[in-house]
Amino acid sequence: MAKNNKILSDLFLKSGEKKPMKWLFPVEIGMVIYAIFSLFIVLFTSTSLSNPEALVWWRVRVVLLTVALWLVYRMWPCRAMAMARIALLLVTLSWWYPDTYVLNCHFQNMDHIFASWDQKLFGFQPALLWSKAYPSYIVSELMAMGYFFYFLMFVSLTFYVFFKRYEDFQKVSFILITSFFVYYVVFVLIPVAGPQYYYLAVGVDEIAKGNFPEVGTYFAKHLECLPIPGKPDGIFRNLVQMSHNTGERPTAAFPSSHVGVSTLTMIIALWLKEYKFVLIWAIPWMFLCMGTVYLLPHYAVDAIAGFFTAIGVFFLLKFTWEKCFEK
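Residues numbered from 1 in each chain as written. Predicted model: local features only at pLDDT ≥ 70, side-chain atom pairs only at ≥ 80, totals over all residues. Heavy atoms only, no water.

Draft legend 1. Representation of the pattern of salt bridges. Tallied over the entire structure, the rule returns 7 salt bridges. Notably, a salt bridge pairs E28 with R85, separated by 2.5 Å at the nearest N-O pair. In this pair, E28 sits in helix 2 (residues 26-44) while R85 sits in helix 4 (residues 79-104), placing the two residues 57 residues apart along the sequence. Accessibility expressed as a relative area gives 1% for E28, which makes it buried. Note on R85: relative accessible area 0%, which makes it buried. Here the salt bridges do not stand alone but share partners, grouping R165, D168, K171 and E274 into one network. (Salt bridge = Lys/Arg side-chain N within 4 Å of Asp/Glu carboxyl O. Helix = DSSP H or I, 4+ residues; strand = E, 2+ residues; numbered from the N terminus. Buried < 20%, exposed > 50% of the residue type's maximum accessible area, 1.4 Å probe, protein only.)

See the structure below:
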């Protein structure tokens, strides 16, 4: 009973938040910076956007809601309000992601470049042939399982640090969530749709022949994509397909943020010496990295770039934290 009371008091009483921050959390500052950056892109491409006013007001609303939660936190600084502020950022990531498509689909598509890189590196298209070489139910389900667990990986680390290592909560949430906005900047500036969209757009037969034509702004008006490989009765395969049907867009292929963020999650856990977390997620992480190509969202070069950019993003954001925010 005493332990439960201690947990509740830490969550909801001011005494639980021993060093409340007076201003926006560092990760909120990162979100605001991205909102301003993407706002300039909206204004720059406004003539080709169907409803630029809605995009502007979305950004205004998110910033205002962030400020509102900050004001509540200032009146009642407790851990529960701190978590609410971070939870808002996690939830809105599901909007910021497809927003990259709205911003980049009017630029010249670059899939032909990345498909040709795969061809030069491997002599074939891994995304096209991998699932055909290993079509078994077990393999496809393992790949889909890893891909599906992507969300659970970084969310579970966020909550684990919140409840078990609260002194590291601000630092970890800054590095982890801000990494998404770093990748979103790249996605806006480098429009790559990925094999599931590009292969269908130009024809699988052309891809098999090694032909990779440019498609210009084709994806500004076309959202059709190939179905996810795997057995139709696969549980995880169908879960991933449902997720794609509701939120996937021809965007964000290079580098793979699935590989990048999941690798970054593992790096942070190693940095914190949370080896049990690493052991629990090691196998799903490996299948996730392979599944990004097997399931067609990414070229092999996207997955490779996701791994190495995760290392660079970690040190970049760690350095930013130490120089700008660490007291």
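Draft legend 2. Examining the nonpolar core more closely. The biggest cluster of nonpolar side chains holds 100 residues, and the ones touching the most others in it are I86, W96, Y184, Y198 and I268. Considering each element in turn, this core owes the most residues, 12 residues, to helix 9 (residues 169-189). For Y198, the residues in contact, after removing those within four places along its chain, are N109, D111, H112, A115, I207, F212, P213, V215, F219 and Y299. (Core = buried A, V, L, I, M, F, W, Y, C linked by side-chain atoms within 4.5 Å. Contact = heavy atoms within 4.5 Å.)

Draft legend 3. Representation of the packing of aromatic side chains within the structure. Inspection of every chain in the model, using the stated rule, returns 39 aromatic pairs. Judged by centre distance (5.8 Å) and plane angle (40°), the rings of F174 and W321 are tilted. Of this pair, F174 sits in helix 9 while W321 sits in helix 15 (residues 300-324), and the two are 147 residues apart along the sequence. An angle of 80° between the planes, with centres 6.3 Å apart, marks the rings of Y197 and F219 as edge-to-face. Here F219 lies in the loop between helix 11 (204-208) and helix 12 (235-247) and Y197 lies in helix 10 (residues 195-202), a separation of 22 residues in the sequence. Just as Y197 is buried, F219 falls in that class too. It is R79 that lies over the ring of Y166; its NZ or CZ is 4.1 Å from the centre. The aromatic ring of Y73 is capped on one face by R85, whose charged end is 4.7 Å from the ring centroid. (Phe/Tyr/Trp six-rings, centres within 6.5 Å; stacked < 30°, edge-to-face > 60°. Lys NZ or Arg CZ within 6 Å of the ring centre and 35° of its normal.)

Draft legend 4. A look at helix 10. Across the 8 residues that make up helix 10, a large majority, 6, are buried. Along helix 10, the residues classified as buried are P195, Q196, Y197, Y198, Y199 and V202. Against the buried residues of helix 10 lie helix 5 (111-122), helix 6 (126-133), helix 11 and helix 12. Where helix 10 ends, the next residue or the one after it, G203, has phi of about 100°, a positive value.

Draft legend 5. Geometry of a nonpolar patch on the surface. Together, L121, F122, F124, L129, I304, F307, F308, I311 and F315 line one region of the surface with nonpolar side chains, adding up to about 830 Å² of accessible area. In terms of residue count, helix 15 provides more of the nonpolar patch than any other element does, 5 residues in total. With relative accessibility at 38%, the residue L129 sits in the partly exposed group. (Patch = residues over 30% accessible without salt bridge, like charges linked within 9 Å, V, L, I, M, F, W, Y side chains within 5 Å. Areas by Shrake-Rupley, 256 points an atom, 1.4 Å probe, with all protein chains shown as cover.)

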